[in-house]
Amino acid sequence: MLVLSGIAIIALGFLLRFNPLLVIVVAAFATGLAAGLDPLAILARFGKAFNDTRYVTAIYMVLPVIGLLERFGLQDRARGLVAGLRGLTVGRLLAGYLLFRQVSAALGLTAIAGPAQTVRPLVAPMAEAAAAAQGNDDPDHVRALAAATDNIGLFFGEDIFIAIGSILLMKGVLEGYGIVLAPFQLSVWAIPTAIAAFAIHGFRLWLLDRRLGRSR
């Protein structure tokens, strides 16, 4: 039972609002010591785990680049680009981004865009500029809508790609109930759902454009 002490440490640490990284390290050491491992062996396990999943930390190399681009006017450039395009509305802009997000996710390119990579530095400022040209004075709503568009496109587009984790999870769960399906069958039936999601969210964007057009 002492091996389970790490779970108690994590629960207590999060309850007391300690640093999450520190809590996890302490819990791991407590679990390792309870299992009979010496400190050097526990440290070696940490090193091996970091080396095996080092690709996860690649995002930390991208974030400083995005921060520097924003500091030197990336968002201002995005707003200026949209301001110079006639006939571009916030609904059309986000509908185009939704289509791009769904198609790229369906091809397995789930990390090509996202809230940190594209929405905050590019899509949201462009949507704000388009909405401002239509007379919208609620930038927070536009930012939220841009983030929602990204989430909808990714969520309903990635299941079309057969090698995604969600498809494999559904396949495993169905096999547990005696239903044997190939990943390709699941991905094919994800296409109508993706089309319906695009139509529903696209209708919401059209309603937004229509409402902004009436308020001008």
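In what follows, the accompanying structure is described. (Residues numbered from 1 in each chain as written. Predicted model: local features only at pLDDT ≥ 70, side-chain atom pairs only at ≥ 80, totals over all residues. Heavy atoms only, no water.)

Details of the environment of leucine 154
Within the element layout of this structure, leucine 154 appears in helix H8 (residues 139-157). In this structure, the C-alpha to C-alpha distance between leucine 154 and serine 104, residues 50 residues apart in sequence, is 8.5 Å. If we ignore the near neighbours within four places in the chain, the residues touching leucine 154 are Arg101, Ala105 and Thr110. (Helix = DSSP H or I, 4+ residues; strand = E, 2+ residues; numbered from the N terminus. Contact = heavy atoms within 4.5 Å.)

Some points on the packing of helix H7 (residues 115-133) against H8
A pair of packed helices is captured by two measures, namely the crossing angle of their axes and the spacing between those axes. With their axes 9 Å apart at the nearest point, H7 and H8 run at an angle of 135° to one another. If you check the angle between H7 and H8, you find them oblique. In terms of crossing hand, the pair formed by H7 and H8 is right-handed. Along its contact with H7, which presents Pro115, Thr118, Val119, Val123, Ala124, Ala127, Glu128 and Ala131, the element H8 presents Pro139, Val142, Arg143, Ala146, Ala147 and Asp150. Here the residues of the contact of H7 with H8 sort into 10 nonpolar, 1 polar and 3 charged. (Axes fitted to C-alpha atoms, helices over the stretch in contact; angles between N-to-C directions. Parallel < 35°, antiparallel > 145°, perpendicular 65-115°, else oblique. Left-handed = near helix turned anticlockwise from the far one by under 90°. Nonpolar A, V, L, I, M, F, W, Y, C, P; charged D, E, K, R; others polar.)

A closer look at a nonpolar patch on the surface
Together, Leu99, Phe100, Val103, Leu107, Leu109 and Ile112 make up a nonpolar patch on the protein surface, roughly 550 Å² of accessible area in all. Within the fold, valine 103 resides in helix H6 (residues 90-106). Residue class for valine 103 comes out partly exposed when judged on its relative accessible area of 46%. (Patch = residues over 30% accessible without salt bridge, like charges linked within 9 Å, V, L, I, M, F, W, Y side chains within 5 Å. Areas by Shrake-Rupley, 256 points an atom, 1.4 Å probe, with all protein chains shown as cover. Salt bridge = Lys/Arg side-chain N within 4 Å of Asp/Glu carboxyl O. Buried < 20%, exposed > 50% of the residue type's maximum accessible area, 1.4 Å probe, protein only.)

Remarks on unusual backbone geometry
One non-glycine residue with positive phi stands out, namely arginine 17, at about 60°. Take arginine 17: it is sitting in the loop between helix H1 (5-15) and helix H2 (20-34).

Describing the packing of aromatic side chains
Given two aromatic rings, one states the distance between the centres and the angle between the planes to describe the pair. Here the structure, examined in full by the defined rule, presents 3 aromatic pairs. Between phenylalanine 155 and phenylalanine 156, the aromatic rings sit 5.0 Å apart at their centres with planes inclined by 80°, giving edge-to-face as the arrangement. Here phenylalanine 155 falls in the exposed class, since its relative accessible area comes to 52%. By relative accessible area, which is 27% here, phenylalanine 156 ends up partly exposed. (Phe/Tyr/Trp six-rings, centres within 6.5 Å; stacked < 30°, edge-to-face > 60°.)

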